[in-house]
Amino acid sequence: MRCAAAGQPGKIQLIDFPDPQVGPRDVMLATSACGICATDLKSIAKGAEKPEYALGHEVVGKVIEAGNQSRWTIGQRAVVAPYLPCGACHYCLNGQPTLCKHLFDTCPFPGGMAERVFVPGDLVKRGLIPVSDTLSDEYAALAEPLGCVIKGIEDSQVETGDSVLVIGDGPMGLMAAAVARAYGAFPVMVAGMTPSRLEAAYQNFADVVVDVTQVDLQAEVKKHTSGRGADVVIAAVSAGETLMTAIQCVRPGGTVNAFAGVPDGTTIPLDLRKLHYNQIHLTGSFGTAPEHMVKALHLLDHKKVPAGAIVTACYPFTQIQEAVDVALQRQGLKIVVTF
Ligand SMILES: [Zn+2]
Ligand SMILES: [Zn+2]
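From a predicted model like this one, the values you see are computed outputs, not experimental measurements. (Residues numbered from 1 in each chain as written. Chains lettered and ligands numbered in written order. Predicted model: local features only at pLDDT ≥ 70, side-chain atom pairs only at ≥ 80, totals over all residues.)

Peer 1: I'd like a rundown of the overall build of the protein, residues and numbers included.
Peer 2: A tally of helices and strands in the protein yields twelve helices and 15 strands. Here the C-alpha atoms of the protein give a radius of gyration of 20 Å, agreeing with the 20 Å that 2.2 N^0.38 yields for 339 residues. If one aligns the C-alpha atoms of the protein with their principal axes, the spans along those axes are about 60 × 40 × 40 Å. Taken over 339 residues, the protein has a buried fraction of 49%. Expressed as a percentage of contacts within the protein between residues at least 6 apart in sequence, the contacts between residues at least 24 apart total 69%. (Helix = DSSP H or I, 4+ residues; strand = E, 2+ residues; numbered from the N terminus. Rg over C-alpha atoms; globule rule 2.2 N^0.38 Å. Buried ≥ 20, exposed ≤ 12 C-beta atoms within 10 Å, placed from the backbone. Contact = placed C-beta atoms within 7 Å.)

Peer 1: Residues and numbers for the sheet that holds strand E13 (residues 281-284), please.
Peer 2: If you trace the six strands from one edge of the open sheet to the other, you get E10-E9-E8-E11-E12-E13, paired in parallel fashion. Each edge of the open sheet is held by one strand with a lone partner, namely strand E10 (208-211) and E13. With direction set aside, neighbouring strand axes in the sheet form an average angle of 20°. Where strand E12 (residues 250-258) and E13 come together, four bridges link them in parallel fashion. Bridge pairing in E13 links Asn257 to Thr283. (Pairing = 2+ DSSP bridges. Axes fitted to C-alpha atoms, helices over the stretch in contact; angles between N-to-C directions.)

Peer 1: I'd like a description of the packing of helix H4 (residues 143-155) against helix H10 (residues 290-301), backed by residues and values.
Peer 2: Put simply, H4 and H10 touch, their axes get as near as 8 Å, and they point 105° apart. The angle between H4 and H10 places the two elements in the roughly perpendicular class. Of the residues in H10, those in contact with Ala143, Glu144, Leu146, Gly147, Ile150 and Lys151 of H4 are His292, Met293, Lys295, Ala296, Leu297, Leu299 and Leu300. Class assignment of the residues belonging to the contact of H4 with H10 gives a composition of eight nonpolar, two polar and three charged. (Parallel < 35°, antiparallel > 145°, perpendicular 65-115°, else oblique. Nonpolar A, V, L, I, M, F, W, Y, C, P; charged D, E, K, R; others polar.)

Peer 1: Let's hear about the domain arrangement of the protein: which residues, and what values?
Peer 2: The domains assigned to the protein are domain 1 (2-146 + 288-338) and domain 2 (157-284). The straight-line distance from the C-alpha centre of domain 1 to that of domain 2 is 28 Å. Listed by partner, the interface residues are ten residues for domain 1 and ten residues for domain 2. Among the elements of the structure, H4 and helix H11 (307-310) are those that each provide at least two residues to the side of domain 1 that touches domain 2. When its residues are assigned to classes, the side of domain 1 that touches domain 2 shows eight nonpolar, no polar and two charged. (Domains from an automatic or database assignment.)

Peer 1: Any chance you could break down the pairing of strand E8 (residues 164-167) for me, citing the residues and the numbers?
Peer 2: Regular strands show a simple pattern: their side chains alternate between the two faces of the sheet. Because side chains alternate across E8, one face comprises the buried residues Val164 and Val166, and the other comprises Leu165 and Ile167, equally buried. Examined bridge by bridge, E8 and strand E9 (residues 188-192) share four bridges and lie parallel to one another. Across the sheet, residue Leu165 finds its bridge partner in E9, namely Met189. Considered for its hand, the β-α-β crossover made up of E8, helix H5 (residues 171-182) and E9 is right-handed. Bridge count for E8 against strand E11 (residues 230-235) is four bridges, and the pairing is parallel. (Right-handed = clockwise from strand over helix to strand, strands pointing away.)

Peer 1: I'd like a rundown of H10, residues and numbers included.
Peer 2: Each α-helix turn comprises 3.6 residues. Residues three or four places apart therefore point the same way. The end-to-end C-alpha distance of H10, which contains twelve residues, comes to 16 Å, matching closely the 16 Å that a straight helix rising 1.5 Å per residue would cover. The first or second residue beyond H10 is Lys303, which carries a positive phi of 55°. (Expected span 1.5 Å × (residues − 1).)

Peer 1: Could you give an account of H4, with specific residues and numbers?
Peer 2: In a regular helix each residue adds 1.5 Å, so 13 residues correspond to 18 Å; H4 covers 18 Å between its end C-alpha atoms and thus fits that length. The element H4 is largely enclosed, with a buried count of eleven among its 13 residues. Buried within H4 we find Ala143, Glu144, Pro145, Leu146, Gly147, Cys148, Val149, Ile150, Lys151, Gly152 and Ile153. Positive phi appears at Gln157, one or two residues downstream of H4, with a value of about 55°.

Peer 1: Could you give an account of the nonpolar core, with specific residues and numbers?
Peer 2: Counting residues in each nonpolar core, the largest one holds 112 residues, and the members touching the most others are Val164, Ala176, Ala177, Val190, Val233, Ala235 and Leu300. For this core, the element with the most residues is H5, which contributes eight residues. Residues lining this core come from more than one domain, with at least three contributed by each of domain 1 (2-146 + 288-338) and domain 2 (157-284). Beyond its immediate stretch of four places on either side in the chain, Val190 contacts Val166, Asp169, Gly173, Leu174, Ala177, Leu198, Ala201, Phe205, Ala206 and Val209. (Core = buried A, V, L, I, M, F, W, Y, C linked by C-beta atoms within 7 Å.)

Peer 1: Please give an account of the pairing of E11 that cites residues and values.
Peer 2: Where burial is concerned, most of E11 is hidden: six out of the six residues are buried. Between the parallel pair E11 and E12, the chain is carried across by helix H8 (residues 240-249), and the sense of this crossover is right-handed.

Peer 1: Could you give an account of the packing of H4 against H5, naming the residues involved and the relevant values?
Peer 2: Put simply, H4 and H5 touch, their axes get as near as 9 Å, and they point 55° apart. Classified by the interaxial angle, the pair formed by H4 and H5 is oblique. Crossing hand, H4 versus H5: right-handed. Touching Pro145, Leu146, Val149, Ile150, Gly152 and Ile153 of H4 are Pro171, Met172, Met175, Ala176, Val179 and Ala180, all from H5. (Left-handed = near helix turned anticlockwise from the far one by under 90°.)

Encoded structure:
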């Protein structure tokens, strides 16, 4: 099967992997669409000589081969979880599936940016999720990143009427604003530095947008929260400073979520006195479990998240380098590759 993998730094290379044999519990998908994620862009920027996997993990496909014990039939559409909690360890049994030590033992092969995707039996059973006929492939490709966002919003215990500040105007930040709104939060505030993205946020996702290059964020947040600060702050920029800003903008007793992944060794100075006396909840969220992806598809299918405002461009697989270049230049929001 033809796949796109990281090549020279900044470049894609097309390679072929042999198709695995589909056993009685396995399924083979013909890929329909796959979103480009920031983690893909990181691997592409770094480059790889002899890649073992294809890029992409935000994948939608159609079943073209189904083992006789798989309970799937040819022609069904599905999204597939990029990894699978074991369901049996301490973390899985305590509602923290993405802490599972076996999380990456079971993955689709070779990844999403491939003509076909092999789904092993265990993943078929618990991580292959049907897509409703009313949801397009391009939008269904948001199930995985949106699942991560739903987990982040739930970990932050966002409730109806909570004020939520999202710091970051990238696709994940804007999806976090959309999900906060779908969970009943108001006002939802988005802080960023990219005027076009802030405009998109204001049109579709947020009650308040703040261009941090122009306005003092902390003062602006206080203005919209009766002087208290936000009930929940989602830090959706990959930088320590973002978390420091988040701690400044949260109200006493509120929750800060370190949502964006950061490079190794990223640290911040922490005002422990403030943490203690203001009783701030400091938390982090990583990844998604299949149950969050099920919810994501539900929100997408019922238009509770404006997918059309998140997926700003689609490129055919033959033009994947162009799609990656556009994503690397941070043009638009989510770029989806179609097959
Ligand atoms: Zn991703
Ligand atoms: Zn586990």
